[in-house]
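Read off the chains here:
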2 protein chains.
Amino acid sequence: MAETNPDLDVVCIGNAIVDVLAQTDDATIERLGMAKGAMSLIDADQAEALYREMAPGVETSGGSAGNTAAGLASFGSRVAYIGKIADDQLGGIFRHDIRAIGAEFDTPAASDGPPTARCLIFITPDAERTMNTFLGACVNLGPDDIDGALLARAKVTYLEGYLWDRDEAKAAFLKAARLAHEANRRVALTLSDAFCVDRHRDSFRELINGHVDVLFANEAEILSLYQTDSFDEALQHVRDDCAIAALTRSEKGAVIVDGDEVHVVDAEPVAKVVDTTGAGDQYAAGFLHGLTHGHGPYDCGRLGGIAAAEVIGHIGPRPLVSLKELAAKRAG
Amino acid sequence: MAETNPDLDVVCIGNAIVDVLAQTDDATIERLGMAKGAMSLIDADQAEALYREMAPGVETSGGSAGNTAAGLASFGSRVAYIGKIADDQLGGIFRHDIRAIGAEFDTPAASDGPPTARCLIFITPDAERTMNTFLGACVNLGPDDIDGALLARAKVTYLEGYLWDRDEAKAAFLKAARLAHEANRRVALTLSDAFCVDRHRDSFRELINGHVDVLFANEAEILSLYQTDSFDEALQHVRDDCAIAALTRSEKGAVIVDGDEVHVVDAEPVAKVVDTTGAGDQYAAGFLHGLTHGHGPYDCGRLGGIAAAEVIGHIGPRPLVSLKELAAKRAG
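Just so it is clear, the model here is predicted, and its values are computed rather than measured.

(A) Highlighting the overall build of chain A. Within chain A, the secondary structure is distributed over 13 helices and 14 strands. In terms of overall dimensions, chain A is globule-like: its C-alpha atoms have a radius of gyration of 18 Å, near the 20 Å expected for 332 residues. Expressed along its principal axes, the backbone C-alpha trace of chain A runs to roughly 50 × 40 × 40 Å. Expressed as a percentage of the 332 residues in chain A, the buried residues total 55%. Nonlocal contacts in chain A, meaning residues at least 24 apart in sequence, comprise 76% of its contacts between residues at least 6 apart.

As structure tokens, this is what we get:
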């Protein structure tokens, strides 16, 4: 394939989801049998039943890679998004919001089949979020939705691990990785969730070893991936598997592995943690913005930390301020 | 009609609307030709065109009387709501949210015709909100939706002035006032918006004089109603027209007229005004909670002020904390 200068920084591929956020308490999480802090997949009936148990909600566009696209755009990166909505009101909200941040988004909406995906997010007083995703129209994302010409225009193709839950999306995922590499672009992946890693440990390890240049994982995810209790052991493993890994440890900051280099980046200060929804997504946004703009690994980690600190200070998974201005202020 | 003890405090009747809130700047308000701070009615095409100009939004149930119902429930009042949604995703959100706060809501959804109403709300850095309402399914609210048995169960029937924009809703409004009075209940009204008063000045004055026991108005609205520049003159007028009037003056507090008594209530302190959406609605909620729980006019005004101060401290038109607990803390 003839190589051209990329006019995009990152193409994000993921489940296109509208979040429904509501406050709750620990007793309700327990009564409803939810795995606190995790993302669980639910069907349409479960979604309806669970929604009935929810307090009044706030609806806002979400989806892990969609949130990362919003963060990247807020930093000033040029982004595109691939994900499947239905041709309904929630789909219209998702499309509006992702385009309004400046992202290219042209995946055709499904005109029949299940409605646009939603994620019922229960926020407990400790700011932890417990997520229940009804995938809806996302089940229709397949290899045909992967546009090779679009991937060739972007420096990085970024994929969320949640896609790995379904075979069609997995095929789309592998096609995207192949096409990005054929165009001499980089492939980045977030492991998304420790339970997601549990479900797909072996195939994730194969994938990372063969197709991933930049890996994002939090501590629980990387320990689960390598089935170890030792963060250091996991760190040594991941060095063999991919070129760059950003391993986040919440308030302990992050460790960035870049070939032979290892950088420890402290967490950014946060006045009050309100809602951790989107923390990992915004970390990836900051890191990838740095990576696609010539920053070294330590600075990429700092940008990730700044973006994550912003998003956990308020309700909702996407930044409420310009991350570009925020980062400039922190550097100044 | 045989009188029974009311088992509800307030029935709120209004336009059932989902709000779409986004931040903007004054230049955009001007470029789009919007009347800053006002509520304008728009059609489906205008709604689509304006939505394209909006930043990414947050969706949340709104509607003036719906917000008041949510505030009342947050104080611990027993409430019901009457308003028209369509049988679509946004309607499902509205229904869920109003029921989740504990309100009775059984108005049948429209199964055809326009979709559920939405209000595109542009919030400027000065925290002022500029509203553009596509009434959608609300145009189908009519006298048949007014349930006399429900009104007879509530101490107060509360109506939003915005209903006065359409003849069918006006008929519903008058039917509700008549049935409430036949059951020896009180009728309350908010004038809603100075432009709304401009559109309907004469009929509003007739309505208030003949059918309204408790009137809510802000300074601009009451001045417009009596076509005067003098707040004091308007105050003297309103004493002749209805038993109780709560006249709000933003940071200058409120003046409560109750027959021969006049009470001046200072505004509650607010750390930072973020978004004034819902301020008047929550004021009415606090006042009506007091009124239906045996409080005197000054205390009713204070409860109104406490609720309004809470809602302008964050994005969105409904309280984020328990107003019952907040009021107890302020009193203690």
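Let's pick the thread back up.
(B) Fine view of helix H6 (residues 167-182) of chain A. Residue and element names in this part refer to chain A. The terminal C-alpha atoms of H6 lie 22 Å apart, and with 16 residues this matches the ideal 22 Å at 1.5 Å per residue to within 8%. Among all positions of H6, only Ala169, Ala172, Phe173, Ala176, Ala177, Leu179 and Ala180 are buried. Elements in contact with the buried residues of H6: strand E1 (8-13), helix H5 (148-152), strand E9 (154-160), strand E10 (186-190) and helix H8 (201-211). At the C-terminal side of H6, Asn184 shows a positive phi close to 60°.

(C) How the structure looks around the confidence of the model for chain A. The predicted model of chain A averages 95 in pLDDT, with 99% of residues at 70 or higher. Under the prediction, the complex receives an ipTM of 0.93, its pTM being 0.95.

(D) Local environment of the interface of chain B and chain A. Each partner contributes to the interface: chain B provides 19 residues, whereas chain A provides 19 residues. Mapped onto the side of chain B that touches chain A, the elements with two or more residues apiece are strand E4 (58-61) and helix H4 (89-100) of chain B. With 6 residues, the top contributor of residues to the side of chain B that touches chain A is H4 of chain B. Among the residues making up the side of chain B that touches chain A, the classes are represented as 9 nonpolar, 6 polar and 4 charged.

(E) The arrangement of the relation of the copies chain B and chain A in detail. Least-squares fitting of chain B to chain A yields an RMSD of 0.0 Å, with the superposition described by an axial translation of 0.0 Å and a rotation of 180°. Both copies of the chain, as the preceding transformation shows, are related through a two-fold rotation axis. Residues of chain B ranked by C-alpha distance from the rotation axis are headed by Glu59 of chain B, positioned 2.4 Å from it. Interface residue correspondence from chain B to chain A reaches 100%, placing this contact among same-surface, isologous pairings.

(F) Seen up close, the sheet that holds strand E12 (residues 244-248) of chain B. Residues and elements named next belong to chain B. Read from one edge of the open sheet, 9 strands run E6-E5-E1-E9-E10-E11-E12-E13-E14, paired in mixed fashion. The outermost strands of the open sheet, each flanked by one partner alone, are strand E6 (104-105) and strand E14 (261-265). Inspection of the sheet shows strand E10 (residues 186-190) paired to strand E11 (residues 214-218) by 3 bridges, in the parallel sense. Bridge assignment links Ala188 to a residue of E11, and that residue is Val214. Here helix H11 (residues 279-291) sits on the sheet in contact with strand E1 (8-13), strand E9 (154-160), E10, E11 and E12, set at roughly 150° to E11.

(G) Layout of H8 of chain A. All names here are of chain A. Those residues of H8 not exposed but buried are Phe204, Leu207 and Ile208. The buried residues of H8 occupy an angular sector of 95° when projected down its axis, which confines them to one face. With respect to the buried face of H8, the exposed residues turned more than 90 degrees away are Asp202, Ser203, Glu206, Asn209 and Gly210. Contacts made by the buried residues of H8 are with E10, helix H7 (194-199), strand E11 (214-218), helix H9 (219-225) and helix H10 (231-241).

Procedures and definitions
- Residues numbered from 1 in each chain as written.
- Chains lettered and ligands numbered in written order.
- Predicted model: local features only at pLDDT ≥ 70, side-chain atom pairs only at ≥ 80, totals over all residues.
- Helix = DSSP H or I, 4+ residues; strand = E, 2+ residues; numbered from the N terminus.
- Rg over C-alpha atoms; globule rule 2.2 N^0.38 Å.
- Buried ≥ 20, exposed ≤ 12 C-beta atoms within 10 Å, placed from the backbone.
- Contact = placed C-beta atoms within 7 Å.
- Expected span 1.5 Å × (residues − 1).
- pLDDT = per-residue confidence, 0-100.
- Nonpolar A, V, L, I, M, F, W, Y, C, P; charged D, E, K, R; others polar.
- Least-squares fit on C-alpha atoms with pLDDT ≥ 70 in both.
- Pairing = 2+ DSSP bridges.
- Axes fitted to C-alpha atoms, helices over the stretch in contact; angles between N-to-C directions.
- Arc of directions from axis to C-beta.

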